[in-house]
Amino acid sequence: MILTAETIAVRYRNGALGVSDVSLEADEGEIVVILGPNGAGKTTTVRAITGFSKAEGAKVVSGSVKLFGRDTTNAEPSTTTALGVGFVPERRKIFPNMSVGENLAAVGRRPSRARRAAISERIDALFPMLAHRHREMAGRLSGGQQQMVAIARSLMAEARLLVIDEMTLGLHHTMQAPLFEVVKTIAAEGTTVVIVDESTSQALHVADRCYLLNGGRVLASGPPETFIGSELLVAGYVGTT
């Protein structure tokens, strides 16, 4: 299993619990979607998995996280990145005053020069909108194109597990389908993808496995068919069980 989180609880420096009981897993090449209303604990969960919760003064206080079979509970982001985890945080987090090419080169885990050339070709094929914009300032791109840059940067580092928080948040609806198509292609090539997204209908149509969070706990889990047309989603989003 690429990712296993077992009954994790995450507490912030001020004593607040971000999540109280979350278990989830993701296997090689799977697309795993985490659903739930605002405040359900989705972002806290993915930050705990990737190690980035430490930057916010949060830590896993019970349960465990394993990546690629290794216990990485409360590991530093540098450790998870070195293992092959790529994290695209909410609202993209690119370098707007750098070019697209410079953004793609700004990765902590750099492949060899020969591999970089091959990966660049792969990225241009995945994101044809970026193929001729490597010299353009990233801050001048549309929101959807900036999200593409953020995802592409993780691919430059050859991420084996790609975690994307709120992938389509605030983006024009015309950008949503292309991003989900890219995710399907990435997963088909063997990379595991974990997505938090507000576009529930599109997320369910690409997912292999889904988790519905509410109140810091997993309310329900299973294949997407469990949720499509189900009252589970209604219950999860209005906060009733």
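Everything in this summary refers to the structure shown in the same document.

Each value, and the rule that gives it
- The written sequence of each chain sets the order in which its residues are numbered from 1.
- A pLDDT threshold of at least 70 governs which residues receive local features in this predicted model, and a stricter bar of 80 or more applies before side-chain atom pairs are shown or counted, although totals over entire chains, interfaces and linings include all residues.
- Note that the side-chain values use all heavy atoms of the structure and ignore hydrogens as well as water.
- Elements are defined by DSSP. Helices are runs of H or I of four residues or more, strands are runs of E of two residues or more, and each kind is numbered from the N terminus.
- Planes of paired rings set the category: under 30 degrees apart is stacked, over 60 is edge-to-face and the rest tilted, where pairs are Phe, Tyr or Trp rings (Trp by its six-membered ring) whose centres lie within 6.5 Å.
- Two conditions define a charge located above a ring, namely a distance within 6 Å from the ring centre to NZ of Lys or CZ of Arg, and an angle within 35 degrees of the ring normal.
- When a carboxyl oxygen of Asp or Glu lies within 4 Å of a side-chain nitrogen of Lys or Arg, that pair is called a salt bridge.
- Accessibility here uses a 1.4 Å probe with only protein chains present; expressed as a share of the type maximum, an area under 20% marks a residue as buried, one over 50% as exposed, and anything in between as partly exposed.
- A pair of strands is labelled paired if DSSP reports no fewer than 2 bridges between them.
- Here an angle of 0 to 180 degrees is reported between the N-to-C directions of two axes, which are lines fitted to C-alpha atoms, with helices fitted over the stretch in contact.
- Geometric relationships in this document are graded by angle, where less than 35 degrees denotes roughly parallel, more than 145 denotes roughly antiparallel, 65 to 115 denotes roughly perpendicular, and other angles denote oblique.
- Definitions for this section: a left-handed crossing has its near helix turned counterclockwise from the far helix by less than a right angle. A right-handed crossing has that turn clockwise.
- Contacts were defined at the residue level, with two residues in contact if any of their heavy atoms lie within 4.5 Å.
- When residues are grouped by polarity, Ala, Val, Leu, Ile, Met, Phe, Trp, Tyr, Cys and Pro land in nonpolar, Asp, Glu, Lys and Arg in charged, and all others, Gly among them, in polar.
- Two kinds of site are reported from a 1 Å grid over the protein atoms alone, namely cavities, where a 1.4 Å probe fits but cannot get out, and pockets, open sets with protein on both sides within 12 Å along at least five of seven lines, and residues are called lining when an atom falls within 4 Å of a point.
- Grid points are joined across faces, edges and corners, and a volume is the space filled by probe spheres set on the points.
- The term nonpolar core refers to a set of buried residues drawn from Ala, Val, Leu, Ile, Met, Phe, Trp, Tyr and Cys, joined through side-chain atoms within 4.5 Å.
- To estimate the expected span of a helix, count its residues, drop one, and scale the result by 1.5 Å.
- The reported arc concerns the directions from the helix axis to the C-beta atoms and nothing else.

Further remarks concern unusual backbone geometry. Not every positive phi belongs to a glycine, and F68 is a case in point at roughly 55°. Here F68 shows up in the loop between β4 (58-67) and β5 (70-71).

On to the packing of aromatic side chains, then. Considering all chains together, one arrives at 1 aromatic pair under this definition. We note R160 situated over the ring of F68; from NZ or CZ to the ring centre the distance is 4.0 Å.

Counted by the stated rule, this structure contains 8 salt bridges. Between E189 and R122 there is a salt bridge, and its shortest N-O distance comes to 2.6 Å. One end of the pair, E189, is in the loop between α6 (176-188) and β8 (192-196); the other, R122, is in helix α4 (residues 113-126), and 67 residues separate them in sequence. When its relative accessible area of 48% is taken as the criterion, E189 is described as partly exposed.

We now examine the pairing of β8. Of all the 5 residues making up β8, 5 are buried; the element is thus mostly covered by neighbouring parts of the structure. By the alternation rule, side chains of β8 split into T192, V194 and V196 and V193 and I195, which are all buried. As judged from the 4 bridges shared by strand β3 (residues 31-35) and β8, these two strands associate in the parallel manner. Residue I31 lies in a different strand from β8, and its bridge partner there is V193. Where strand β7 (residues 161-165) lies against β8, 5 bridges are found, and the strand directions are parallel. Across the sheet, L162 pairs through a bridge with V193, a residue of β8.

The side chains of a regular strand alternate, residue by residue, between the two faces of the sheet. Alignment of strand β1 (residues 3-12) against β4, held across 8 bridges, turns out to be antiparallel. Residue pairing across strands places R11 opposite K59, the latter belonging to β4. What sits between β4 and β5 in their antiparallel hairpin is a turn of 2 residues, with F68 showing a positive phi close to 55°.

Relative orientation of the contacting elements α4 and helix α5 (residues 143-156) amounts to 150°, with a least axis distance of 10 Å. Between α4 and α5, the interaxial angle falls into the category roughly antiparallel. Note on packing geometry: the crossing formed by α4 with α5 is right-handed. Seen from α4, the contacting residues are R116, I119, S120, R122, I123 and L126; seen from α5, they are A152, L155 and M156. A breakdown of the residues in the contact of α4 with α5 according to their chemical character gives 6 nonpolar, 1 polar and 2 charged.

Quick look at the environment of D27 now. Looking at where D27 falls in the secondary structure, it is placed in the loop between β2 (17-26) and β3. Distance in space between the C-alpha atoms of D27 and Y211 is 14 Å, their sequence separation being 184 residues. With residues up to four places along the chain from it excluded, the contact list for D27 reads M1, I2, T192 and R209.

We now examine empty space enclosed by the protein. Summed over the entire model, instances satisfying the criterion amount to 1 cavity of 30 Å³ or more. There is about 30 Å³ of room inside the largest cavity. Taken together, A48, G51, S53, K54, V60, N74 and A75 make up the full set of residues lining the largest cavity.

So, on to the nonpolar core. Membership of the largest hydrophobic core comes to 45 residues, with the highest contact counts inside it found for F127, I151, I164, M167 and I186. The contact partners of M167, leaving out residues within four places of it in the chain, are Q147, I151, L179, F180, V183, I195, V196 and D197. Of all hydrophobic cores here, the second largest spans 29 residues; its members include V19, V22, A26 and F87.

Let us look at α4. Here α4 contains 14 residues, and its C-alpha end-to-end distance of 20 Å stays within 8% of the 20 Å for a straight helix at 1.5 Å per residue. Within the span of α4, buried status applies to I119, I123 and L126. Looking down the long axis of α4, one finds its buried residues gathered within 60° of arc, a one-sided arrangement. Facing away from the buried side of α4, by more than 90 degrees, are the exposed residues R113, A114, E121 and A125. Looking at the buried positions of α4, the neighbouring elements they touch are α5 and α6.

In short, the description is geometric, and any link to function would need to be established separately.
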